Amino acid sequence: MSRLLALLALLLPMTPALACPGLVIGEAWIREPPPGARGTAAYFTLRNEGSTPLVLDGWSSPAFAHVMLHETVLTGDRAEMRHRSQLSLPAGGREALTPGGLHLMLMQATGPIAAGAAVTLQFNCNGQAAQLSAPVLEEAPSSR
Ligand SMILES: [Cu+2]
């Protein structure tokens, strides 16, 4: 009985409701952290192919204690990262999270994050739970 409960506890978190009609995510990747580092960033593209606006917020990951949406802002010759509470995609809209621009800051890894692994990123899409999976890569994938 206890083994069954343990199995259920393992399975339940793996069946989230993916309710984000129209959202298309592409080119997702996470930069492998330098040796000893516990933080890195995630990048991907977002397209809203639906007919209603989408608001994405509440980012998290089982692999990191803290996940935040950041934008990089140039002030004079300095680049600063600023927290963005949400990301809005109008119908037909698109957004790209790229090195040097908008990115998901991944902080305090809960375990080793090595190239070849895949990391789950969870978020709310119009208040509904959604998620994506991103591979960990040593370098940015060459643009094709
Ligand atoms: Cu950042």
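All figures in this text were calculated on a predicted structure; none of them were measured in a lab.

**Q** Would you mind going over the coordination of the copper ion with me for this structure?
**A** For a metal bound by four donors in tetrahedral geometry, the ideal donor-metal-donor angle is 109.5 degrees, whereas six donors in octahedral geometry ideally sit at 90 or 180 degrees. Taken together, the protein ligands of the copper ion are His70 (ND1), Met81 (SD), His103 (NE2) and Met105 (SD), with distances of 2.1 to 2.3 Å. Every donor counted, the 4 donor atoms about the copper ion form angles of 92 to 118° at the centre, which fits tetrahedral coordination. Written as a sequence motif, the donor arrangement for the copper ion is H-x10-M-x21-H-x1-M. Of the two residues, His70 is situated in strand β4 (residues 64-75) and Met105 in strand β8 (residues 103-109); the sequence distance between them amounts to 35 residues. No difference in accessibility class separates His70 from Met105, as the two residues are buried.

**Q** Just checking my understanding: could you explain the confidence of the model for the protein for this structure?
**A** As a note on interpretation, predicted positions should not be read in detail where pLDDT is low. Summarising the model, the protein shows a mean pLDDT of 88, and 85% of its residues fall at 70 or more. Ranking the elements of the protein by mean pLDDT puts helix α1 (residues 2-11) last with 52 and β8 first with 98. In the predicted structure, residues 10-17 sits below a pLDDT of 50 and forms 3 contacts with residues beyond four places in sequence or in another chain.

Reading the values: the criteria
Residues numbered from 1 in each chain as written. Predicted model: local features only at pLDDT ≥ 70, side-chain atom pairs only at ≥ 80, totals over all residues. Heavy atoms only, no water. Donors = N, O, S within 2.8 Å, 3.2 Å for Na, K, Ca; no water. Tetrahedral: all angles 85-135°; square planar, octahedral: opposite > 155°, others 65-115°. Helix = DSSP H or I, 4+ residues; strand = E, 2+ residues; numbered from the N terminus. Buried < 20%, exposed > 50% of the residue type's maximum accessible area, 1.4 Å probe, protein only. pLDDT = per-residue confidence, 0-100. Contact = heavy atoms within 4.5 Å.

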